[in-house]
Amino acid sequence: MTLAVDQRWLLLHMGSWQIVHALASPEGVANLMRSRSGSTGGRASDLNGSPEWLADCGWEINGSVISARARRLPGLNIKAAEINRYAAHLPADIKAELVACRDAGTANAVLRARFCHCGHHDHATYMPWEKDRICPPTVEQENNATADYWRIRAWQHVVLAKALGLNGRSHIANDQLDLFEVGA
Ligand SMILES: [Zn+2]
């Protein structure tokens, strides 16, 4: 049992850290299902080469099932168990890249959350419970973290397309694809 092409397109469309995490480990699938995140639809797909039904497709997550909200393709669902089964059979190198990409995204989010612009001369004195703040970050620290954020976003898309066996390209990723598609 594997994920059908339409199911894989939906996951690529949802994209980002959560889906990378879901394909990287069963913990990621549980996390995704718990998130009950959704998109109310109307989100334009920015994936080149994607099927037409995806053009105005949202989704919702309820009771361990992802349901597409696609006017042109009613009834498309993905169960948690189906993602787990699919992920369990991914080649080891793709699995390793998913894990590396997930961890890079996590580290970047953690770093960016530490940046603080509260304006206190000595943050640690005023808010001693917030020991890990970088307050204030240097312009270079912020620029590097932002550049990393976009680099990781592009990487997420590339690794997901690879893991899902699809060629869809995000316009977000287009600028940065050269960095990742050497030899592809
Ligand atoms: Zn501060």
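Scroll up a little and you will see the structure.
Read on for an overview of the structure. Residue numbering note: each chain is counted from 1, following its sequence as written. Local features in this predicted model are restricted to residues of pLDDT 70 or higher, and side-chain atom pairs are both shown and tallied only at a pLDDT of 80 or more, whereas totals for entire chains, interfaces and linings draw on every residue.

1. Description of helix H2 (residues 16–24)
Defined as follows: As a rule, residues whose C-beta atom has 12 or fewer other C-beta atoms within 10 Å are exposed, those with 20 or more are buried, and those in between are partly exposed; C-beta atoms are placed from the backbone. Put simply, DSSP H or I for four residues or longer makes a helix, DSSP E for two residues or longer makes a strand, and each gets a number counted from the N terminus. Throughout, a residue-residue contact means that the two C-beta atoms, derived from backbone geometry, are no farther apart than 7 Å.
Where burial is concerned, most of H2 is hidden: eight out of the nine residues are buried. By the burial criterion, the buried members of H2 are Trp 17, Gln 18, Ile 19, Val 20, His 21, Ala 22, Leu 23 and Ala 24. Buried-residue contacts for H2 involve helix H1 (5–14), helix H3 (26–35), helix H4 (80–88), helix H5 (92–114) and helix H7 (139–164).

2. Observations regarding the pairing of strand S2 (residues 58–62)
Short version of the rule: DSSP-based pairing: two strands are paired if at least 2 bridges between them are found.
With five bridges connecting them, S2 and strand S3 (residues 65–69) associate as antiparallel partners. In the sheet register, Glu 60 faces S3, and the bridge partner there is Ser 67. Here S2 folds back onto S3 in antiparallel fashion, the turn holding two residues, of which Gly 63 has a positive phi close to 55 degrees.

3. What about the packing of H2 against H7?
Rules: Structural elements are reduced to axes, namely lines fitted to C-alpha atoms, with helices fitted over the stretch in contact, and the angle between N-to-C directions of any two is expressed from 0 to 180 degrees. Angles below 35 degrees are treated as roughly parallel, those above 145 as roughly antiparallel, those between 65 and 115 as roughly perpendicular, and all remaining angles as oblique. Take the far helix as the reference: if the near one is turned anticlockwise from it by less than a right angle, the crossing is left-handed, and if turned clockwise, right-handed. Residues are grouped as follows: Ala, Val, Leu, Ile, Met, Phe, Trp, Tyr, Cys and Pro are nonpolar; Asp, Glu, Lys and Arg are charged; every other residue, Gly included, is polar.
Contact geometry of H2 with H7 gives a least axis separation of 10 Å together with a crossing angle of 40 degrees. It follows that H2 is oblique to H7 by the angle criterion. In this structure, H2 meets H7 at a crossing whose hand is left-handed. For the pair formed by H2 and H7, the contact residues are Ser 16, Trp 17, Ile 19, Val 20 and Leu 23 on the first element and Gln 156, Val 159, Leu 160 and Ala 163 on the second. A breakdown of the residues in the contact of H2 with H7 according to their chemical character gives seven nonpolar, two polar and no charged.

4. Notes on the packing of H3 against H4
Relative orientation of the contacting elements H3 and H4 amounts to 155 degrees, with a least axis distance of 10 Å. Our classification of the angle between H3 and H4 gives roughly antiparallel. Crossing hand, H3 versus H4: right-handed. Contact with H3, carried on its side by Pro 26, Val 29 and Met 33, involves Ala 80, Ile 83 and Asn 84 of H4 and no other residues of that element. By residue class, the composition of the contact of H3 with H4 is five nonpolar, one polar and no charged.

5. Some details on the nonpolar core
This is how it is decided: To define a nonpolar core, we join buried Ala, Val, Leu, Ile, Met, Phe, Trp, Tyr and Cys residues through C-beta atoms within 7 Å and take the resulting set. Domains are outlined according to an automatic or database domain assignment.
If you look at the biggest cluster of nonpolar residues, it comprises 33 residues, and the most contacted ones within it are Val 20, Leu 23 and Val 159. Contributing elements (two or more residues each) for this core: H1, H2, H3, S3, H4, H5 and H7. Broken down by element, this core gets its largest block of residues, eight residues, from H7. Split by domain, the residues of this core number at least three in each of domain 1 (5–88) and domain 2 (92–179). When neighbours within four sequence positions are excluded, Val 20 is seen to be in contact with Leu 98, Cys 101, Arg 102, Gly 105, Gln 156, Val 159 and Leu 160.

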